[in-house]
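# Close look at the chain arrangement
One letter stands for each residue in the lines below.
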Amino acid sequence: MKNESTIIDVPAESSSAMKGKAPLIGMAKDHTTSGSGGYKRGLSIFDFLLRLAAIIAASVAAATMFTSDETLPLFTQFLQFEAGYDDLPTFQFFVIAMSIVSGYLVLSLPISVVTIVRPLATAPRLLLLVLDTAALAFNMAAASSAAAISYLAHNGNQNTNWLPICQQFGDFCLKSSGAVVSSFVAVVFFTILVVLSGVALKRH
């Protein structure tokens, strides 16, 4: 009895067919990369807009404190009382610090533009994260010290017999307090910038 066997030929996939399937993986990877790039580009645009807002807040703080001089007119022009930011070393530090912060923000705009053009680049974002953190600490130091002096100007201190001066120098206190508020607004913007940089650097 003869053994009957059936041989079924299974055609092997041609190299051209296999090559036709290979790009599917690459296409999926490119799609994921483009999606991540679009997300990070959106963060970069928001980062750029926040820097513009922070420039305005820091510049207003420095300019307002710099122009906060007030002179009290008395009976004679030879005897006058004057209050200005340069009478207090803390307010002098505030003006210098906020001016430096404003200058840094202006110089950081080109780096922010680079992150928009190249959203997947890591080095510019890392550089901004480090510099923004240092600027945030500098801004916070200036704002906090100026806030303490502004509080003493409004309320005084009975334990040290420091009298409040805002009843006499109302315009000076109003401008200096406004400068302090504007500097804290810049602190908020810097905090958001640091968080954005950290989120953008996070690997997906």
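In the nomenclature of an unreviewed UniProt entry, the protein chain corresponds to CASP-like protein from the organism Brassica carinata. Its UniProt record gives the protein chain the following Subunit (unreviewed entry) comment, quoted word for word: "Homodimer and heterodimers." UniProt, in the comment section headed Subcellular location (unreviewed entry), describes the protein chain in these words: "Cell membrane".

## A word on the UniProt feature "transmembrane region" (unreviewed entry) in the protein chain
The UniProt feature table records "transmembrane region" (unreviewed entry) at residues 48-66, 91-114, 126-153 and 179-201. Secondary structure over residues 126-153 splits into 100% helix and 0% strand, and the C-alpha atoms at its two ends are 41 Å apart. Counted over residues 179-201, helix gives 100% and strand 0%. Its end C-alpha atoms are 33 Å apart.

## Some points on the side chain of Ser68
Here Ser68 lies in the loop between helix H2 (23-66) and strand S1 (70-72). Reaching out from Ser68, the side chain makes a polar contact with the backbone oxygen of Met65 at a distance of 2.7 Å. Each residue touching Ser68, except ones within four places of it in the same chain, is listed here: Ala83, Tyr85, Phe172, Lys175 and Ser176.

## Topic: the packing of helix H3 (residues 89-117) against helix H4 (residues 123-155)
Angle between the axes and distance between the axes: these two values describe a pair of packed helices. Taken N-terminus to C-terminus, the directions of H3 and H4 make an angle of 160°; their axes are 9 Å apart at the nearest point. Put simply, H3 runs roughly antiparallel to H4. The way H3 lies across H4 gives a crossing that is left-handed. Here the residues of the contact of H3 with H4 sort into 21 nonpolar, 7 polar and 2 charged.

## Some points on the packing of aromatic side chains
Considering all chains together, one arrives at 4 aromatic pairs under this definition. Relative to Phe172, the ring of Phe91 has its centre 6.1 Å away and its plane inclined at 55°; by these criteria the two rings are tilted. Of this pair, Phe91 sits in helix H3 while Phe172 sits in helix H5 (residues 170-201); the two residues are 81 residues apart in sequence, bridging distant segments of the chain. Taken individually, Phe91 and Phe172 each receive the classification buried, so the pair is uniform in this respect. Seen in terms of ring centroids, Phe93 and Phe138 are 5.9 Å apart; in terms of plane orientation they differ by 80°. Their pairing is edge-to-face. A residue pair is termed long-range when its members are at least 10 positions apart, and Phe93 in helix H3 and Phe138 in helix H4 qualify at 45 residues.

How each quantity is defined
- Residues numbered from 1 in each chain as written.
- Predicted model: local features only at pLDDT ≥ 70, side-chain atom pairs only at ≥ 80, totals over all residues.
- Heavy atoms only, no water.
- UniProt positions renumbered as here; feature names shortened; annotations may be inferred.
- Helix = DSSP H or I, 4+ residues; strand = E, 2+ residues; numbered from the N terminus.
- Polar contact = N/O pair within 3.5 Å; in protein donor to acceptor, adjacent residues only side chain to side chain.
- Contact = heavy atoms within 4.5 Å.
- Axes fitted to C-alpha atoms, helices over the stretch in contact; angles between N-to-C directions.
- Parallel < 35°, antiparallel > 145°, perpendicular 65-115°, else oblique.
- Left-handed = near helix turned anticlockwise from the far one by under 90°.
- Nonpolar A, V, L, I, M, F, W, Y, C, P; charged D, E, K, R; others polar.
- Phe/Tyr/Trp six-rings, centres within 6.5 Å; stacked < 30°, edge-to-face > 60°.
- Buried < 20%, exposed > 50% of the residue type's maximum accessible area, 1.4 Å probe, protein only.

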